[in-house]
Amino acid sequence: MASIYGGKSNGWQLRLDYSSAQNQANNQSTITLNLWIYDGTGYSQNESSNEAYYILQGTKVWHPYYYSSTGWYKLGSKTITVDHNSDGSKTVTLSASWDCGFDSSYTPRTLSVSGSVTLPTIPRAATLSYGAMTMGTAATIKITPPVSGATSTITYKFGSASGTIVTKTSAASVRWTPPKSLAAQIPNSASGTGTLTVETYSGSTKLGSRAYTCLLYTSDAAD
């Protein structure tokens, strides 16, 4: 886990640990937060109800406590889910605060911690849609980009044969005629499966890639 440290007061301090996990399909990250406090006094307590509390990413939790020595003590945890931008990027502000519930010359009344965190970019590739194809017959491949202005390169692989269908296009669809020569890859079959791979770019920055299975029929099978 990475950590964000708050400012010190009388030796006391908050620490916010965080880690993130990506959900590429939903373009989201789940962030796990753990809030810690450092007792710099060596002894402090407030075990009364509804006095001491912490606020972690907007959620207030009453938290009676008893700290008998200096050191780090865990206050609580929280998990949040955040939506990334359409290009897969995301910066989020993480924050927390603590109130001991009383005024003291030894224990700070309040502490806070906050930081702006840039999450790892989620790779985003265009979505392709198409049906079964026949060698020698033109077919349409629809392209749905993840962000406006993105371009996509589409390649194919069928057996040991491979090639490029289109390079960095911004079109909503392309026409492709699978070569009849691909039939040599399946000499004893009327159909076979290959792979279409799309790589999507924003300018010169690669957003991501995705592979799709493609069913190809020989031209003889269509006759």
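Read on for an overview of the structure. (Residues numbered from 1 in each chain as written. Predicted model: local features only at pLDDT ≥ 70, side-chain atom pairs only at ≥ 80, totals over all residues. Heavy atoms only, no water.)

### Observations regarding the overall build of the chain
Summing up its helical and strand segments, the chain has one helix and 18 strands in all. The C-alpha atoms of the chain give 28 Å as radius of gyration, which overshoots the globular expectation for 223 residues (17 Å, by more than 25%). Considering only contacts within the chain whose residues lie at least 6 apart along the sequence, 61% involve residues at least 24 apart. As displayed, the chain has an accessible area near 11,200 Å², and 45% of this comes from carbon and sulfur atoms. Side-chain charges of the chain comprise 15 positive and 11 negative groups, with the mean position of each set lying 11 Å from the other. (Helix = DSSP H or I, 4+ residues; strand = E, 2+ residues; numbered from the N terminus. Rg over C-alpha atoms; globule rule 2.2 N^0.38 Å. Contact = heavy atoms within 4.5 Å. Areas by Shrake-Rupley, 256 points an atom, 1.4 Å probe, with all protein chains shown as cover. Lys, Arg positive; Asp, Glu negative; His and termini not counted. Charge placed at Lys NZ, Arg CZ, Asp CG, Glu CD.)

### Here's the deal with the pairing of strand β18 (residues 205–217)
Inspection of the sheet shows strand β12 (residues 133–134) paired to β18 by two bridges, in the parallel sense. What sits directly across from Met133, in β18, is Leu216. With 12 bridges joining them, strand β17 (residues 191–202) and β18 adopt antiparallel strand pairing. Counterpart to Thr200 in the pairing with β18 is Gly208. (Pairing = 2+ DSSP bridges.)

### A few points about the pattern of salt bridges
Under the defined criterion, the tally for this structure stands at four salt bridges. Its salt-bridge partner being Asp17, residue Arg15 comes within 2.9 Å of it at the nearest N-O pair. Judged by relative accessible area, which is 8%, Asp17 ranks as buried. (Salt bridge = Lys/Arg side-chain N within 4 Å of Asp/Glu carboxyl O. Buried < 20%, exposed > 50% of the residue type's maximum accessible area, 1.4 Å probe, protein only.)

### Quick word on the sheet that holds strand β15 (residues 161–169)
Note: strands within a sheet are paired through backbone hydrogen bonds, in either parallel or antiparallel orientation. If you trace the five strands from one edge of the open sheet to the other, you get β12-β18-β17-β14-β15, paired in mixed fashion. A strand with exactly one partner marks an edge of an open sheet, and here the two such strands are β12 and β15.

### Re empty space enclosed by the protein
Applying the stated criterion across every chain yields a total of one cavity of 30 Å³ or more. Here the largest cavity defines a volume of roughly 30 Å³. Taken together, Tyr156, Lys157, Phe158, Trp176, Gly194, Thr195, Leu196, Cys214 and Leu216 make up the lining of the largest cavity. When contributions to the lining of the largest cavity are tallied by element, the ones reaching two or more residues are β14 (151–158), β17 and β18. (1 Å grid on protein atoms, 1.4 Å probe; cavity = no way out; pocket = protein on both sides within 12 Å on 5 of 7 lines; lining within 4 Å. Points joined across faces, edges and corners; volume = space filled by probe spheres on them.)

### Here we look at the environment of Ala21
Of note, Ala21 is situated in strand β2 (residues 13–23). Residues Ala21 and Ala52, 31 residues apart in the sequence, show an inter-C-alpha distance of 32 Å. Discounting residues that sit within four places of it in the chain, Ala21 has contacts with Gln28, Ser29 and Thr30.

### Quick notes on the environment of Asn27
Secondary-structure assignment places Asn27 in the loop between β2 and β3 (28–39). C-alpha of Asn27 to C-alpha of Thr70: the two residues are 43 residues apart in sequence and 42 Å apart in space.

### Description of the nonpolar core
Ranked by internal contacts, the top residues of the largest apolar core, which has 27 residues, are Leu35, Ile37, Leu94 and Trp98. Counting only elements with at least two residues in this core, the list comes to β2, β3, β5 (53–56), β7 (65–67), β8 (71–83), β9 (91–99) and β10 (110–118). Core analysis: the second largest hydrophobic core is formed by 22 residues, Leu128, Ile154, Tyr156 and Tyr212 among them. (Core = buried A, V, L, I, M, F, W, Y, C linked by side-chain atoms within 4.5 Å.)

### Structural notes on the side chain of Thr151
Position of Thr151 relative to the elements: it lies in strand β14. Judged by relative accessible area, which is 16%, Thr151 ranks as buried. Filtering out sequence-adjacent residues up to four positions away, Thr151 remains in contact with Lys168, Thr169, Ser170, Glu199, Thr200 and Tyr201.

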